[in-house]
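Close look at the chain arrangement
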Amino acid sequence: MPVSTRSTQPPAPKEPEDTGVTSPAPEERTSADELTGDQERVRAGAGESAGAGESAGAGESAGAEKPVESEPVEGSVKEAPEDPADAPDPDAEAAVEESAAKPLSRLAYLRAWRTRHPEAARVVWWTVTVLSLVLVIGALLLPNRMAALQANRFVRLPGEAIIGAAVLLALPRRARIVLAALGGAALGALTVLNVLDIYFMEYLGRDFNLVLDWGLLDDAQSYLADTLGKTVALAAAIGVVLLVVLVITVMALATVRLSNILVRDTRRATRGTLIAGTAWITCSVLGFQYAGIPVASDRVANRLQSEARQVRATIRDEAAFRKEARNDTFGNTPADQLVPDLRGKDMIFTFIESYGRSAIEDPVVAPGVDATLQARTEALAKAGFHAKSGWLTSATYGGSSWLGHSTTLSGLWVDNQQRYRTVMASDHLSLTKVFQKTGAWDTVGVMPGVQKGWPEAKYYGLDKVYNAFKMGYQGPKFSWSTMPDQYTLEAFQKLEHGKKRDKPLMSEIILTSSHQPWAPIPTMVGWDELGDGSIFNGIEAAGKKASDIIADSTKSKQEYGKSIQYSVTALTEWLERYGTDDTVLVFLGDHQPISRVSGQNASRDVPISIVAKDPKVLDSIASWNWTDGLKPADNAPVWKMSSFRDRFLTAYGSTPHPKNG
C-alpha cells in the first residue's frame, strides 16, 4: 500500500457522479470552513475501489493530476507489512474509515449542494446573514415597555454593537468565537428579561425583579392551569422553556456568524467600525434625534446599570425592612387597651379581589358598578345599616393580592415577596391578631383561594381557617375562583357566623369571584337554593369562556365590571340578610385590576368602606372625612394602605405602647 502524503496542491475537482463532492464557490469559503490536508486526503480516498491493490484517489481514477508524494511523516499511514500475520484487521480499518468519513460526508454534501446550486446558496447565505443582523440589532434596541414597541426605537445606532465589533476584531479566532457566543447568549437572556418586564408591567405595574420574582412564574402557571386547564398550562410551560432556550441559542449563533463575517476583511471591517464609532459619538454629543428618540443608543448599558441598581437596592432593602418591622406603635399595648370601643362587636374584614378605583371611575365599567353601589347603599339603609367610604393606595397592582392584604393588616408597606416573608416571620402585630390578643374574640379565616398549607394563619391570629376544601362546595370552579362569593358567604354563615358562641367573632374573608380573567362569572341565586353549590353547574356552563375575553380590553372591562357588581351584591345581601346590631363590616379592594382594564399609568387606589348599624361605630371615624355610603367621592381622602391599621386602632380607643426592635 503506498504511503499517504500531504499534497502541496489542493486535490483536483471530482465529478459529482463519482463522489458527490465538489469544491465550494470561492466567495463562500471562510477560514473556519476549510478542510485540513489530512481531511482532503481522506475525502480523496473515499472513492477507492475495494479490489484495487493500491489506494488510488477518486480524483486520480477520474483522470485528475496525481498529487506529488513526499516522505512519510509522523502520524501518516505506513506501508502494509510483508508478513500477512502482522497485517491490520480489515474490518477494524473499515470501521475507522467509515466513522471518519461520516462528518466529512455531511460537510462534503453541503459543499456539493452549494456548488450545484450557487444562486440558491447565495440567497440562503444572505437571508441567514440579514436575519442574524436583525436579531442582534433588534435585541440591542428592544425596549422593555409595550407602549415603546414602535418603529422609531429600532432605527437607532447601538453603541454596544460598535464596541463589540472592535473587541472581536482584536481577538484571535478561538477567543473571538467564544466571546461572540457568550455575548450572544447574554443578549438572548437580556431579550427574555425585556419580555418579562413588558408582561410584568402589563399585569403587575412594575418590572420583573431578578432577585425576588422567580417564584411568581410558578404562580403564573397555576393561574393558567386554573383558567385554561392543566394541559394548556403544561404545554405553555414547556413551550416557554423551549422558546427561552431557542432565543438564547439562536442569538449566540447569530453573533458568531456576524463575527465570522466581520473578520473576512479585517481592514474594511476596522474602517467601518471607526466610522460607526465616530458617527455614534457625533450623534450623542450633538443630541441628534429621529422621531423624538436619540439616534445614539446605549440601551443595553443603561439596562444593565438599572438591573445592577435594582439588585443592590433589593439586598439593602431586606436588612432595612427587617429593622422597620421590629418597630411597632402598638407592639407593647396591653390586651385590655386594644380596641376597647369595639368590644362585643362581630368584626368582619373582607377583601374583594381586584376592586379598584377603575371600577368606580372608568367610563366603561363605572356606570354598572356605581348603580350597584347606590342600590346596595339604599337597601342597607332600609335594613338599618349605614356606611362611610374612602380610598387607600395599595402596595400592589394587578395581582399579588397577598401583598395588599398584609399591607392593610400589618401597617407596613409590603410591596414585594421578600418583605412579605419578613412580615410573616415577625411578631409585628397584625390588625386581625389584635382581636385574638385581647382574648375577647374568637377568630376565623375564610379563604376560598387557598388550596394548600397556609402557615400565614399564625401571623394573622386566626384560630381556625376554612380553605377551598373545607366549605363543602361541590359545584364547578369559575376560572381561577374555586367557588362563587355567594356560596363562600353562606358557608361562613353556616359554619361559623350563625352558630351560638360565648364570644363575638372576628373574621377575615377573601372573596375571589372578581379575580381575572372574569369569565365565566357566577350570578346570584336564591340564598335558600345554594345547597352544596351544584346549582352553579348550569351557570358556569352557560357563561363566557376566558379565551373569548382574555385578550380583548373592552370585553375584559365589561366582564370585570359585572364581577365587581356580583361580589358587592353578594356581600351586602349577606349583611342585609344575616347582619345584627353588633355586626361591623370593613370591606375593601386589594388592588387595581391589570392595565388591560385599568389602563396605562392608572392609580393604585382602592375603595374601602365601613358598614354598621350602631351609629357609634361610624361616629368614631367622623374625623376621617370619608363619604357617606358605599361609593367614595372622587375627592375623598386618600391614604397609604399601610396607614390604615394604626388609624383604625386609634379611632376605636387603642392606646399606643411602642415596641422598638
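Everything in this summary refers to the structure shown in the same document. Residue positions within a chain follow its written sequence, with the count starting from 1. This being a predicted model, a pLDDT of at least 70 is required before a residue's local features are given, and a value of 80 or more before pairs of side-chain atoms are given or counted; all residues contribute to the totals for chains, interfaces and linings. Hydrogens are left out, water is left out, and the side-chain values use all remaining heavy atoms of the structure.

Some words on the packing of aromatic side chains
Ring pairs are drawn from Phe, Tyr and Trp, using the six-membered ring of Trp, whenever the two centres fall within 6.5 Å, and their geometry is named by plane angle: stacked under 30 degrees, edge-to-face over 60, tilted for the rest. If you walk through the whole model with that rule in mind, you get 20 aromatic pairs. When the centroid spacing of 5.0 Å and the interplanar angle of 85° are considered together, the rings of Phe200 and Phe208 count as edge-to-face. Ring centres of Phe349 and Phe435 lie 5.9 Å apart, and the angle between their planes is 55°; this geometry places the pair in the tilted category. Note that Phe349 is positioned in strand β5 (residues 346-352) and Phe435 in helix α16 (residues 431-438), a separation of 86 residues in sequence. Helix and strand definitions follow DSSP, with helices as H or I runs of at least four residues and strands as E runs of at least two, each counted in order from the N terminus.

Considerations on the nonpolar core
The term nonpolar core refers to a set of buried residues drawn from Ala, Val, Leu, Ile, Met, Phe, Trp, Tyr and Cys, joined through side-chain atoms within 4.5 Å. Type-normalised accessible area, obtained with a 1.4 Å probe on protein chains alone, sets the label of each residue: buried when under 20%, exposed when over 50%, and partly exposed for intermediate values. Core analysis: the biggest nonpolar cluster contains 50 residues, and Phe435, Ile610 and Phe648 have the highest contact counts within it. Any two residues whose heavy atoms approach within 4.5 Å at even a single point are treated as in contact. When sequence neighbours within four positions are dropped, the list of residues in contact with Phe435 reads Val339, Leu342, Met347, Phe349, Ala440, Trp441, Thr443, Met506 and Phe648. Judged by nonpolar contacts, the second largest core, of 49 residues, contains Leu373, Ala387, Tyr466 and Leu505.

Quick notes on the packing of helix α17 (residues 485-497) against helix α20 (residues 553-578)
Where α17 contacts α20, the axes come no closer than 9 Å and their chain directions differ by 30°. Judged by the inter-axis angle, α17 sits roughly parallel to α20. Remark: the crossing between α17 and α20 carries right-handed chirality. Note on element contacts: α20 touches α17 through Tyr566, Ser567, Ala570, Leu571, Trp574 and Tyr578, opposite Asp485, Gln486, Leu489, Glu490, Phe492, Gln493 and His497. Each residue gets one of three labels, nonpolar for Ala, Val, Leu, Ile, Met, Phe, Trp, Tyr, Cys and Pro, charged for Asp, Glu, Lys and Arg, and polar for the others, Gly among them. The residue makeup of the contact of α17 with α20, split by class, is seven nonpolar, four polar and two charged. A fitted line through C-alpha atoms serves as each axis, taken over the contacting stretch for helices, and the angle formed by two N-to-C directions is quoted from 0 to 180°. Here is the rule for angles: anything less than 35 degrees is roughly parallel, anything more than 145 is roughly antiparallel, 65 through 115 is roughly perpendicular, and the remaining ranges are oblique. Left-handed is the label given to a crossing in which the near helix is rotated counterclockwise from the far helix by less than a right angle, and right-handed is the label when the rotation is clockwise.

Overview of helix α10 (residues 266-286)
Residues lying three or four places apart along an α-helix face the same way, a consequence of the helix completing one turn every 3.6 residues. In this scheme, a helix's expected span is set at 1.5 Å multiplied by one less than its residue total. End to end, α10 covers 30 Å across 21 residues, agreeing with the expected 30 Å (1.5 Å per residue, within 8%). Among the residues of α10, those classed as buried are Ala269, Thr273, Gly277 and Cys283. Buried residues along α10 cover an arc of 135° about the axis, so they all sit on one side. The outward face of α10, more than 90 degrees from its buried face, is lined by the exposed residues Arg267, Arg268, Leu274, Ile275, Val285 and Leu286. Downstream of α10 by a residue or two, Gly287 has a phi angle that is positive, lying close to 70°. In this description, one arc is meant: the one made by directions from the helix axis to the C-beta atoms.

Topic: the pattern of salt bridges
Put simply, a salt bridge is a Lys or Arg side-chain nitrogen that is within 4 Å of an Asp or Glu carboxyl oxygen. In the structure shown here, the tally under the stated rule is 26 salt bridges. The residue Lys464 makes a salt bridge to Glu496 at a minimum N-O spacing of 3.1 Å. Of the two residues, Lys464 is situated in strand β8 (residues 464-466) and Glu496 in helix α17; the sequence distance between them amounts to 32 residues. Of the charged contacts in the structure, one is a salt bridge between Asp581 and Lys613, with a shortest N-O distance of 3.7 Å. Placement of the pair is Asp581 in the loop between α20 and β10 (583-589) and Lys613 in the loop between β11 (605-612) and α22 (615-619), with a sequence separation of 32 residues. The network of salt bridges with common partners includes Asp442, Lys464, Glu496 and Arg501.

Topic: the pairing of β5
Most of β5 is tucked away: seven of the seven residues are buried. Inspection of the sheet shows β5 paired to β10 by seven bridges, in the parallel sense. What sits directly across from Phe351, in β10, is Leu588. A strand pair is defined by DSSP finding two or more bridges across the two strands. Here six bridges tie β5 to strand β9 (residues 505-511), and the two strands are oriented parallel to one another. When the bridges of β9 are listed, Met347 appears paired with Met506.

A closer look at a nonpolar patch on the surface
Where nonpolar side chains cluster on the molecular surface, the patch consists of Met146, Leu149, Phe154, Val195 and Tyr199 and spans about 420 Å² of accessible area. By the secondary structure assignment, Leu149 is in the loop between α5 (118-141) and β1 (157-158). For Leu149, a relative accessible area of 37% translates into the label partly exposed. Patch building starts from residues that exceed 30% relative accessible area and form no salt bridge, then joins like charges within 9 Å and nonpolar side chains (Val, Leu, Ile, Met, Phe, Trp, Tyr) within 5 Å. Shrake-Rupley sampling with a 1.4 Å probe provides the accessible areas, and residues are treated as covered by the protein chains on show and by no other component.

Considering the packing of helix α13 (residues 366-382) against α20
Running from N to C, α13 and α20 cross one another at 5°; their axes reach a closest spacing of 9 Å. Between α13 and α20, the angle is such that the two are roughly parallel. Seen from α13, the contacting residues are Gly368, Val369, Thr372, Leu373, Arg376, Ala379 and Leu380; seen from α20, they are Gly561, Ile564, Gln565, Val568, Thr569, Thr572, Glu573, Leu575 and Glu576.

Some details on α16
By the burial criterion, the buried members of α16 are Leu431, Thr432, Val434, Phe435 and Thr438. Viewed along the axis of α16, the buried residues span an arc of 150°, placing them on a single side of the element. Buried-residue contacts for α16 involve β5, α14 (401-410), β7 (442-446), β9 and α23 (644-651). Within two residues after α16, Gly439 carries a phi angle of roughly 75°, on the positive side.

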